[in-house]
Amino acid sequence: MSIVSPRLVSLVITAAILSYTNGFASTISGTSFVNNRVPTTTKLGSTTETSHEIVRVDLSDDRDYPIYIGAKFSEEESAKILRSHIVGNTVLVVTSDRIASFGHLDRYEKILKDSDPDLRVEVLVLPDGEVNKTIDVLGLILTKALELALDRKSTFVALGGGVIGDMVGFASAIYQRGINFIQVPTTVMAMVDSSVGGKTGINHPLGKNMVGAFHQPQCVFIDTNNLSTLPNRELQSGISEIIKYGLIRDPTFFKWQEDNMSRLLDRDVDALAYAIKRSCENKAEVVKEDEKEAGVRATLNLGHTFGHAIETGSGYGTYLHGEAVAIGTCMAAQMSARMGWIEPKLVKRIYDIMDAANLPVELPLDSPMNQKTFTKLMSLDKKVANGQLRLILLKGELGGCLFTGDFDEKAMVDTIDDFVAECAGE
C-alpha cells in the first residue's frame, strides 16, 4: 500500500470547485434559540436481537439518512448495512496513513468485499492531519477517481476523522457534479459533529473551511469500537463538541456531562455510547430545521468564530479543532457575561467542565495571536453577512443562546484583549 503525496491541482479542478461552492449569507440576525427538543432514536430493524440504534436525519426531497450507532456490530451486520447504502458496484475507500496504520482500512476493505462478491473496492490513502486539508490533497481524490474511471453510480467512503470526512464529502460533491458517499467516522469529533449534517470542505491559507459545499451522506456508520485507537488528546478534543450541545440547547445533557466526565475520559463504553447518541440526536434535529445554516444551525458554531481564528492564526495543526473551540467557547462565555447576558456562575461551570475534560481554556504565552490577527481572521468568518460579523453567544439560563450581529463590540474587543494580554504575538 503506497501513500499518495500531494501535488498541484489543475486550474480546471479549481474552477470546478469555485463554481460549485455556494456562499450562503443568512439574512437572520438576532435569532434566539432556547432548550430545543431533540428527537428519539429507533432500534435497527432485524430478525435477531441487536443493541444498535439509529438516529435519523430527516430532510426534504427524500434525502433522509440514518446514523447507525453501536458497539457490537458483527462484520456480517456491518457488511449488510454498508452495502445497503451503495447504489452501484464500485466504492472508493479514502482514509489517512495514520488511520490505515491502526488496521481500520484493512478491516473495512474486507467488510466491503465480503458484502458482495461483485462489489469493486478501491482504496486511497492520504497524508494525515489538518495541515493536509488542502486543495492539493483534495485533488488527489479526484485524480484517483478519474484514473479508476469511476462513474456517477460509484460511492466514496470516508474512513477517518473530520479532516477525511470533510475532504471526501467535498470530493463527492464536485466529482462529476455529485456522487454518493458514506461516512465511517473513527474519532469522537467526527462521530458527534462533522460526519453528520452534510458540511464538507477544505481549508484555505486565509481561513478554515472557506471552500466547500453542503452535500449529505447516504448514511453515517458509527462503530464506537473504532475509538480504541484514538489518542487521549483527540478524545478530549471531541468532547469539546459534546459540551457544546449542552450549552446551546440541552441543559439536562450538560448536567449529565458534569456528572460523567470521568467516565468519558476513561472510555466507559456505555457513557461514550450515550454521549454520541445524544449529540447526534441534537445535531439531527438542528439539521432537519435548518440544513444550510440560515439560522438555528449557526448556533452549533458556539466558540467557532474565535476558535477558527485561533486555528488559522496559530498555524493549522498547532491546535486540534476541539482545543481551539474550547478556548473560543470560553471567550464567547466571557463576552456574554461582560454584556450581562449570562451569570458569572455559568461562566465558572463552563471553565470547570473544560478543565475536567483536560481542554485548554486560555492561550499559551507563546501564542502568536493578538487583537489585529483576531479581528482580521474573524472578518472572514462564514457567518459574516453584508460586512457584519455575527456571533453565537450565550444568553439567559443554561441551554439558551443567541445568533446575532447586534452585540457590544467593546465587549468583544475587551474579551480578545484579555485573552491575548500575555501572548507573544501581542
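Reading the values: rules and limits
- Residues numbered from 1 in each chain as written.
- Predicted model: local features only at pLDDT ≥ 70, side-chain atom pairs only at ≥ 80, totals over all residues.
- Heavy atoms only, no water.
- Helix = DSSP H or I, 4+ residues; strand = E, 2+ residues; numbered from the N terminus.
- Buried < 20%, exposed > 50% of the residue type's maximum accessible area, 1.4 Å probe, protein only.
- Contact = heavy atoms within 4.5 Å.
- Areas by Shrake-Rupley, 256 points an atom, 1.4 Å probe, with all protein chains shown as cover.
- Expected span 1.5 Å × (residues − 1).
- Polar contact = N/O pair within 3.5 Å; in protein donor to acceptor, adjacent residues only side chain to side chain.
- Phe/Tyr/Trp six-rings, centres within 6.5 Å; stacked < 30°, edge-to-face > 60°.
- Lys NZ or Arg CZ within 6 Å of the ring centre and 35° of its normal.
- Pairing = 2+ DSSP bridges.
- Core = buried A, V, L, I, M, F, W, Y, C linked by side-chain atoms within 4.5 Å.
- Salt bridge = Lys/Arg side-chain N within 4 Å of Asp/Glu carboxyl O.
- Axes fitted to C-alpha atoms, helices over the stretch in contact; angles between N-to-C directions.
- Parallel < 35°, antiparallel > 145°, perpendicular 65-115°, else oblique.
- Left-handed = near helix turned anticlockwise from the far one by under 90°.

Novice: What should I look at first to understand the overall build of the chain in this one?
Specialist: When you go through the chain residue by residue, the secondary structure sums to 15 helices and 13 strands. Looking at the chain as a whole, 59% of its 426 residues qualify as buried. For the chain, contacts bridging at least 24 residues in sequence account for 76% of all contacts bridging at least 6. Accessible area of the chain: about 17,300 Å², with a carbon and sulfur share of 50%.

Novice: I would appreciate a short explanation of helix H10 (residues 269-289) in the present structure.
Specialist: In this model H10 runs 31 Å from its N-terminal to its C-terminal C-alpha over 21 residues, within 8% of the 30 Å that 1.5 Å per residue would give. Most of H10 sits inside the fold, with 15 of its 21 residues counted as buried. N-cap assignment for H10: the residue whose side-chain oxygen lies 3.1 Å from the backbone N of aspartate 270 is aspartate 268.

Novice: What should I look at first to understand the packing of aromatic side chains in this one?
Specialist: Each pair of aromatic rings is reported with the distance of its centres and the angle of its planes. Here the structure, examined in full by the defined rule, presents seven aromatic pairs. A ring pair is formed by phenylalanine 73 and phenylalanine 221, whose centres lie 4.5 Å apart and whose planes are at 40°; its orientation type is tilted. With phenylalanine 73 in the loop between strand E4 (65-70) and helix H2 (75-84) and phenylalanine 221 in strand E11 (residues 220-223), this residue pair connects regions lying 148 residues apart in the sequence. Assigned by exposure class, phenylalanine 73 and phenylalanine 221 land together as buried. Pairing phenylalanine 253 with tyrosine 274 gives two aromatic rings, centres 6.0 Å apart and planes at 85°, and the pair type is edge-to-face. Of the two residues, phenylalanine 253 is situated in helix H9 (residues 251-265) and tyrosine 274 in helix H10; the sequence distance between them amounts to 21 residues. Classification of tyrosine 274 as partly exposed rests on a relative accessible area of 29%. Put simply, the rings of Tyr68, Phe73, Tyr108 and Phe221 touch in pairs and so form one group of aromatic residues. The ring of tyrosine 245 carries the charged tip of lysine 244 above its face, separated from the ring centre by 4.7 Å.

Novice: Help me understand the pairing of strand E13 (residues 400-404) in this model?
Specialist: Judged by how many residues are buried, E13 sits mostly within the fold: five of five residues are covered. Burial of E13 is two-sided: the residues Gly400, Leu402 and Thr404 facing one way and the residues Cys401 and Phe403 facing the other way are all buried. Inspection of the sheet shows strand E12 (residues 391-394) paired to E13 by four bridges, in the antiparallel sense. Across the sheet, residue isoleucine 392 finds its bridge partner in E13, namely phenylalanine 403. Between E12 and E13, which pair antiparallel and follow one another directly, the connecting turn spans five residues, one of which, glycine 396, has a positive phi of 85°.

Novice: What am I meant to see in unusual backbone geometry here?
Specialist: For residues that are not glycine, phi is negative in most cases, and the peptide bond is trans in most cases. Even without being glycine, glutamine 176 reaches a positive phi, approximately 50°. Take glutamine 176: it is sitting in the loop between helix H6 (162-174) and strand E8 (180-185). By relative accessible area, which is 32% here, glutamine 176 ends up partly exposed. For asparagine 209, which is not glycine, the phi torsion reads 55° and is therefore positive. Along the chain, asparagine 209 turns up in strand E10 (residues 207-214).

Novice: Just checking my understanding: could you explain the nonpolar core for this structure?
Specialist: With 84 residues, the main nonpolar core has Ile243, Phe306, Leu363 and Phe374 as its most contacted residues. Excluding its chain neighbours within four sequence positions, the residues that come into contact with phenylalanine 374 are Phe306, Ala309, Ile310, Met331, Leu363, Met369, Ile416 and Val420. Of all hydrophobic cores here, the second largest spans 28 residues; its members include Leu92, Leu124, Tyr175 and Ile202.

Novice: How should the pattern of salt bridges be read in this particular structure?
Specialist: Pairing between side chains of opposite charge can happen when their charged atoms approach one another. What the rule picks out here adds up to 26 salt bridges. A salt bridge links aspartate 250 to arginine 278; its shortest N-O distance comes to 2.9 Å. Of this pair, aspartate 250 sits in the loop between helix H8 (232-248) and H9 while arginine 278 sits in helix H10, placing them 28 residues apart in sequence. The class for aspartate 250 is buried, based on a relative accessible area of 4%. A relative accessible area of 19% places arginine 278 in the buried class.

Novice: How do you make sense of the packing of helix H11 (residues 304-314) against helix H12 (residues 321-338) when you look at a structure like this?
Specialist: Each pair of packed helices can be described by the angle between their axes along with the distance between the axes. Interhelical geometry of H11 versus H12 gives an angle of 135° and a closest axis separation of 7 Å. Accordingly, the angle class assigned to the pair H11 and H12 is oblique. Considering how the two elements wind past one another, H11 and H12 form a crossing that is right-handed. For the pair H11 and H12, the contacting residues are His304, Phe306, Gly307, His308, Ile310 and Glu311 in the first and His321, Ala324, Val325, Ile327, Gly328, Met331, Ala332 and Met335 in the second.

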